[in-house]
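Topology and contacts: notes
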Amino acid sequence: VAATAGLLASGAGAQGLQEGKNFFRLKSPQPVETGKKIEVIEFFSYGCPHCADLEPHLAAWHKRLPPDVQFRRVPVAFQPAWENLGKVYYTLDTLGEEARLSPEVFAAIHGGARVNLSQEQRFLDWAASKGLDRKKVEDTYNSFGVTSKFNRSRAIAKDYNVQSVPLVIVDGKFQVSSDKVGSHAAMPAAINQL
């Protein structure tokens, strides 16, 4: 009870979430890929400034993830440049560097440097500057595996009818976004409540 009270005491959770206002129940719930664990999916793009603003809040939440919850990200491509950024995500994920470098990808794109990592050569140069083997990154980026994962992400986004990002889906049933709960800071409590 105390844990639930703590979750509800921050952000939108203070008044409790209202279905149809702060979150939506999906008309067609989707099967989860996490078995008995509660699946939390963030639909995002490195190119989205709102996703960049949400990142530190989700990163802090992710560090305190309960053992019965599994978090995963699914990149979307509402524009051609975002396709390459989806490949950037899956390249870093395949190389085991996503957790370490995702915040830096957001910072490179949206920070003072404004590095266009959707351009393959700039991404490869950037990855090398972060200590990764450039050839291995290039091979992974252009691999069948990364292309397959990105194509699968398109299908998942279509199944969930994703129209904007960032968007979080909880257990294949509930949809929540920062604009519906009032702020990016309120998202962790909202996700926990759902």
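This text goes with the structure placed above it.
The structure displayed is predicted, hence computed values, not measured ones.

Along the protein, the regular secondary structure elements total nine helices and five strands. Taken from N to C terminus, the helices and strands of the protein fall in the order α-β-β-α-β-α-α-α-α-α-β-β-α-α. Since a compact globule built from 194 residues should have a radius of gyration of about 16 Å, the 17 Å found for the protein is in line with a globular shape. For the protein, the spread of C-alpha atoms along the principal axes amounts to about 50 × 35 × 30 Å. In the protein, buried positions account for 44% of the 194 residues. Restricting to contacts in the protein with at least 6 residues of sequence separation, those with at least 24 account for 72%. Carbon and sulfur atoms provide 52% of the accessible area of the protein, an area that totals close to 9900 Å².

Orientation of helix H2 (residues 49–63) relative to helix H4 (residues 98–110), taken along the N-to-C sense of each, is 140°, at an axis distance of 10 Å. By the angle class used here, H2 and H4 are oblique. In terms of crossing hand, the pair formed by H2 and H4 is left-handed. Of the residues in H4, those touching H2 at Pro49, Cys51, Ala52 and Glu55 are Pro103, Phe106 and His110.

Using the criterion set out here, one finds 13 salt bridges in the structure. Salt-bridge contacts for Arg152 lead to Glu33; the nearest nitrogen and oxygen are separated by 2.5 Å. With Arg152 in helix H7 (residues 144–159) and Glu33 in the loop between strand E1 (23–25) and strand E2 (38–44), the pair connects residues that are 119 residues apart, well separated along the chain. Overall, the relative accessible area of 41% leaves Arg152 in the partly exposed class. By relative accessible area, which is 47% here, Glu33 ends up partly exposed. With a shortest N-O distance of 3.0 Å, Lys135 and Asp139 are connected by a salt bridge.

This part covers the packing of helix H3 (residues 80–94) against helix H6 (residues 134–141). It is the contact of H3 with H6, at a shortest axis distance of 9 Å, that shows an interaxial angle of 120°. With respect to H6, the element H3 is oriented oblique. By crossing handedness, the relation of H3 to H6 is classed as right-handed. Residues Asn84, Lys87, Val88, Thr91 and Thr94 of H3 form the contact with H6, whose participating residues are Val137, Thr140 and Tyr141. Split by residue class, the contact of H3 with H6 holds three nonpolar, four polar and one charged.

Time to look at unusual backbone geometry. Cis geometry is found at the peptide bond from Val165 to Pro166, where omega equals 0°. Mapped onto the elements, Pro166 comes out in the loop between H7 and strand E4 (167–170). The phi dihedral of Asn161 is positive, around 55°, even though this residue is not glycine. Position of Asn161 relative to the elements: it lies in the loop between H7 and E4. Given a relative accessible area of 53%, Asn161 falls into the exposed group.

Right, let's get into the sheet that holds E2. Read from one edge of the open sheet, five strands run E1-E5-E4-E2-E3, paired in mixed fashion. In the strand order of this sheet, the two ends are held by E1 and strand E3 (69–75), each with one partner. On average, each strand axis in the sheet is tilted by 20° relative to the strand beside it, whichever way the strands run. Direction of pairing for E1 relative to strand E5 (residues 174–176): antiparallel, over a ladder of three bridges. Across the sheet, residue Phe23 finds its bridge partner in E5, namely Val176.

Calculation criteria
Residues numbered from 1 in each chain as written. Predicted model: local features only at pLDDT ≥ 70, side-chain atom pairs only at ≥ 80, totals over all residues. Heavy atoms only, no water. Helix = DSSP H or I, 4+ residues; strand = E, 2+ residues; numbered from the N terminus. Rg over C-alpha atoms; globule rule 2.2 N^0.38 Å. Buried < 20%, exposed > 50% of the residue type's maximum accessible area, 1.4 Å probe, protein only. Contact = heavy atoms within 4.5 Å. Areas by Shrake-Rupley, 256 points an atom, 1.4 Å probe, with all protein chains shown as cover. Axes fitted to C-alpha atoms, helices over the stretch in contact; angles between N-to-C directions. Parallel < 35°, antiparallel > 145°, perpendicular 65-115°, else oblique. Left-handed = near helix turned anticlockwise from the far one by under 90°. Salt bridge = Lys/Arg side-chain N within 4 Å of Asp/Glu carboxyl O. Nonpolar A, V, L, I, M, F, W, Y, C, P; charged D, E, K, R; others polar. Pairing = 2+ DSSP bridges.

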